[in-house]
Amino acid sequence: MRANGKVTNEKILAAARELIERRGYSNFSYADVSAAVSVHKASIHHHFPTKASLALAVTHYSKEIFEADMAAIATEKPEPAARLQAYLDYWEHNLIHDPEAFCIAGMLGAEVPFLEADVAQAVGDYFAVIEGWLENLLSEGAAAGCFRLGEAARDEAAALLSLVYGAVLVARATRNPAHYRQATRAAVGRLMDTSA
């Protein structure tokens, strides 16, 4: 019974994550999740009593997926520049092949003024994890001589995080992935300019 409950829980989280990635918090319901996973709404409420508790769980779930994905990239691509490019390429691939979806952090971040406090805090924590990953990556790359940082790694990471999410939003709004490509290539070009 416990195993079935875990499977159901994961199916609900995966379905809710996909819905939030496409619609945001305000535009999905338990009925949508129920239809996506063929589970009664009462069963969803059993696992997640409120929509806020579901969004909170989805945010934690998404953060864990991000951390696992970045660990996998580190295994495949030990060089900092290659890891950064893989991260940036992921968003470009989504913009081209699945433009309606966006990161949970970005989608919920746009709705923070309307979210319950614990969900808003979890979204902020998720952004902090991404920024921390970028900071560590940039520090490692600078130490290896493949990145030239104009500011402290923490400040560079904050700027890059803002650039990536802003560029994704502009590219999605204009339906033109070239906006994202141009912005991120310029940022990487500046980081990779180790001649100075």
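In this text the structure is predicted, and so the values were computed from the model without any measurement. (Residues numbered from 1 in each chain as written. Predicted model: local features only at pLDDT ≥ 70, side-chain atom pairs only at ≥ 80, totals over all residues. Heavy atoms only, no water.)

Engineer: What should I look at first to understand the packing of aromatic side chains in this one?
Structural biologist: Two measures describe an aromatic ring pair: the distance that separates the ring centres and the angle between the ring planes. With the rule as written, the count across this model stands at 10 aromatic pairs. Ring centres 6.5 Å apart and planes at 80° place the aromatic pair Phe66 and Tyr87 in the edge-to-face group. Of this pair, Phe66 sits in helix H4 (residues 51-76) while Tyr87 is found in helix H5 (residues 80-97), placing the two residues 21 residues apart along the sequence. Neither Phe66 nor Tyr87 differs from the other in exposure class; each is buried. Aromatic side chains Tyr90 and Trp91 sit 5.0 Å apart centroid to centroid with 80° between the ring planes, which places their arrangement in the edge-to-face category. Here Tyr90 falls in the partly exposed class, since its relative accessible area comes to 44%. Chaining the aromatic ring pairs together yields one cluster made of Tyr90, Trp91, Phe102, Phe127 and Tyr165. (Phe/Tyr/Trp six-rings, centres within 6.5 Å; stacked < 30°, edge-to-face > 60°. Helix = DSSP H or I, 4+ residues; strand = E, 2+ residues; numbered from the N terminus. Buried < 20%, exposed > 50% of the residue type's maximum accessible area, 1.4 Å probe, protein only.)

Engineer: What should I look at first to understand the side chain of Glu21 in this one?
Structural biologist: The residue Glu21 is located in helix H1 (residues 2-23) in this model. Residues in contact with Glu21, not counting those within four places in the same chain, are Glu100, Ala101, Phe102, Ile104 and Met107. (Contact = heavy atoms within 4.5 Å.)

Engineer: Quick question: what am I supposed to make of the pattern of salt bridges here?
Structural biologist: For the structure on display, the rule yields 8 salt bridges. A salt bridge links Arg22 to Glu21; the shortest N-O distance between them is 4.0 Å. Owing to a relative accessible area of 15%, Glu21 belongs among the buried residues under this scheme. Residues Glu92 and Arg181 are paired through a salt bridge, measuring 2.4 Å at the closest nitrogen-oxygen approach. Of this pair, Glu92 sits in helix H5 while Arg181 is found in helix H9 (residues 177-192), placing the two residues 89 residues apart along the sequence. Accessibility expressed as a relative area gives 14% for Glu92, which makes it buried. For Arg181, a relative accessible area of 24% gives the class partly exposed. It is possible to trace a salt-bridge network through shared partners that takes in Arg17, Glu21, Arg22 and Asp98. (Salt bridge = Lys/Arg side-chain N within 4 Å of Asp/Glu carboxyl O.)

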